[in-house]
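Tertiary structure, described
Listed below are the residues making up each chain.
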Amino acid sequence: MAKGPAKTKRIAKHLRRNPEAPHVKAWHAYREKKGKPKAKPKTGHGQPLTLERYKALIKDYQKRASDALYLKNKPADAEVNAGTTRLRRIIKKPHMSLTDFFKTSDRLKKVEENIRRKYGLPSQSGVSGPKLGYKIASEIITDFGRTKGLNVFGFGVGYAQLSFFLKKFMGAKTKGVEMYGYSQKFTRDKKLGIKHGINAGDPILKKMGKFDVTYSINTVQEGVIDRKTAQKTWDNLAYMTRKGGKSYHIFTSQNEALVMISRKELEKRGFKIDSWEELGYHFFIKLTKVKD
């Protein structure tokens, strides 16, 4: 006689996440065996969020994101190297006029961009370090006193490490947008609510509603998007941040010119500027939405 499915014993609610419970220990042992150990923070639940604790919690996700990006970049880089060899040789020619040099450089850039776009990659891609995500996470905790239940929207999130942290460990409700598709499967598997293939300045994003928190890391800046798109993105940010909500932004330079928007223009969009400061090798802006 064929046997039915094996019956499993129901685990008591207070034991489901208990690190001393046999099933939890077995799961950790399995992850260790597979080379994907569960991140274990040095401080316990309810303790202040430190950079060290943030790094520990995000470590596994950060590593898997870096590995995934490496695999995406490898064939794209190989094709770029093969497809741009001739143009690189032309640029190195002696006595080349500046006009020809800039024309060839522009062609080289377009070829690289087209190849990387074919692979669903931006012209420059990378996984941002944990310090940047920690800065925004710690500011959110300070400003709101909590993250559980907060509605958060990220612009140009890439692998969305910060969104993952806020949802997984802090109970936030996350959504976001990413122009390129390289991280689509990765973020979809984590159910982070990220829409791919949509420009951060697309007015359609306004239909997604209002949010307690909006943020961007290395997105709304020169060299990443053009000025026209940047202005439209700031329009979206202003509209999608609820009155009383906060908006946090980090730029990959101390040069505030990369922001591509003035304080006056931000204030016209209903923001009050809380912070406008250098952050090591980066630049940080924190805004409060004071009027619609």
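Residues numbered from 1 in each chain as written. Predicted model: local features only at pLDDT ≥ 70, side-chain atom pairs only at ≥ 80, totals over all residues. Heavy atoms only, no water.

Topic: the overall build of the protein chain
Selection rule: Helical segments are the DSSP runs of H or I of at least four residues, strand segments are the runs of E of at least two, and each set is numbered from the N terminus. Throughout this description, buried means an accessible area under 20% of the type-specific maximum (1.4 Å probe, protein chains only), exposed means over 50%, and partly exposed covers the range between. In this description, contact between two residues means that some pair of their heavy atoms is separated by no more than 4.5 Å. Under the convention used here, a 1.4 Å probe and the Shrake-Rupley method define accessible areas, while residue burial counts only the protein chains that appear.
Per the secondary structure count, the protein chain includes nine helices and seven strands. Put simply, the protein chain has 292 residues, and 39% of those count as buried. Long-range pairs, those at least 24 residues apart, make up 65% of the contacts in the protein chain with a sequence separation of at least 6. For the protein chain, the accessible area works out to roughly 17,600 Å², and carbon and sulfur atoms hold 53% of it.

Describing the packing of helix H5 (residues 130-144) against helix H6 (residues 161-168)
We apply this condition: Where helices are involved, their axes are fitted lines through C-alpha atoms of the stretch in contact, as for all axes, and angles between N-to-C directions lie from 0 to 180°. Roughly parallel here means an angle under 35 degrees, roughly antiparallel means over 145, roughly perpendicular means 65 to 115, and every remaining angle is called oblique. For any pair of crossing helices, the crossing counts as left-handed if the nearer helix is rotated counterclockwise from the farther one by less than a right angle, and right-handed if it is rotated clockwise.
Two elements in contact, H5 and H6, have axes whose closest approach is 9 Å; the angle formed by their N-to-C orientations is 40 degrees. One element, H5, and the other, H6, form an angle in the oblique class. With respect to the hand of their crossing, H5 and H6 are arranged in right-handed fashion. Listed contacts from H6 to Gly-133, Ile-136, Ala-137 and Ile-140 of H5 are Leu-162, Phe-165 and Leu-166.

What about the packing of aromatic side chains?
Worth spelling out the cut-off: Pairing of aromatic rings covers Phe, Tyr and the six-membered ring of Trp, with a centre-to-centre limit of 6.5 Å; geometry is then stacked below 30 degrees between planes, edge-to-face above 60, and tilted otherwise. Only Lys NZ and Arg CZ are tested; either one counts as a charge over a ring when it is within 6 Å of the ring centre and within 35 degrees of the ring normal.
The full count for this structure, using the stated rule, is 12 aromatic pairs. On the basis of an interplanar angle of 55 degrees and a centroid distance of 4.5 Å, the ring pair of Tyr-54 and Phe-165 is categorised as tilted. Of this pair, Tyr-54 sits in helix H2 (residues 51-83) while Phe-165 sits in helix H6; the two residues are 111 residues apart in sequence, bridging distant segments of the chain. For Phe-165, a relative accessible area of 0% corresponds to the buried category. Consider the rings of Trp-276 and Phe-283, whose centres lie 5.9 Å apart with planes at 85 degrees: the pair is edge-to-face. In terms of burial, Trp-276 and Phe-283 fall into one category: buried. One aromatic cluster is present, formed by Tyr-54, Tyr-61, Tyr-134, Tyr-159, Phe-164, Phe-165, Phe-169, Tyr-182 and Phe-186 through successive ring pairs. Taking NZ or CZ as reference, Lys-135 lies 4.7 Å from the ring centre of Phe-284, over its face. Positioned over the ring face of Tyr-239 is Lys-210, at 4.2 Å from the centre of the ring.

Re the nonpolar core
The condition is simple: Residues enter a nonpolar core if they are buried and are Ala, Val, Leu, Ile, Met, Phe, Trp, Tyr or Cys, with the set joined through side-chain atoms within 4.5 Å.
Grouped together as the largest cluster of nonpolar side chains are 34 residues, with contacts concentrated most on Ile-136, Ile-140, Phe-165, Leu-166, Tyr-215 and Tyr-248. Elements with a contribution of two residues or more to this core: H2, H5, H6, strand S4 (211-217) and strand S5 (241-251). With seven residues, the single largest contributor to this core is H2. Those residues in contact with Leu-166 that sit more than four places away from it in its chain are Ala-137, Ile-140, Thr-147, Val-152, Gly-171 and Ala-172. Core analysis: the second largest hydrophobic core is formed by 24 residues, Phe-155, Val-177, Met-260 and Leu-266 among them.

A look at the sheet that holds strand S6 (residues 271-279)
Our working rule: In short, DSSP must find at least two bridges between two strands for them to pair.
Read from one edge of the open sheet, seven strands run S3-S2-S1-S4-S5-S7-S6, paired in mixed fashion. Unpaired on one side and paired on the other, strand S3 (194-196) and S6 mark the two borders of the sheet. Adjacent strand axes in the sheet meet at a mean angle of 15 degrees, parallel and antiparallel pairs treated alike. The sheet contact formed by strand S2 (residues 173-178) and S3 spans three bridges and is parallel. Among the inter-strand pairings, Glu-178 is bridged to a residue of S3, identified as His-196. The sheet strands contacting H5 are S4, S5, S6 and strand S7 (282-289), and the helix crosses S5 at an angle near 155 degrees. On top of the sheet, helix H8 (residues 227-240) reaches strand S1 (151-155), S4, S5, S6 and S7; it is set at about 140 degrees to S5, its chief contact.

Details of the pattern of salt bridges
Applied cut-off: Whenever a carboxyl oxygen of Asp or Glu lies within 4 Å of a side-chain nitrogen of Lys or Arg, that contact is scored as a salt bridge.
Counting across every chain of the model gives 13 salt bridges. The residue Lys-118 makes a salt bridge to Glu-79 at a minimum N-O spacing of 2.6 Å. Of this pair, Lys-118 sits in helix H4 (residues 98-118) while Glu-79 is found in helix H2, placing the two residues 39 residues apart along the sequence. Classification of Lys-118 by relative accessible area gives exposed; the value is 57%. Exposure remark for Glu-79: the relative accessible area of 26% places this residue in the partly exposed category. Residue Lys-272 is joined to Asp-274 by a salt bridge in which the shortest nitrogen-to-oxygen separation is 2.6 Å. Put simply, Lys-135, Glu-139, Asp-143 and Lys-286 are held in one network by salt bridges that share partners.

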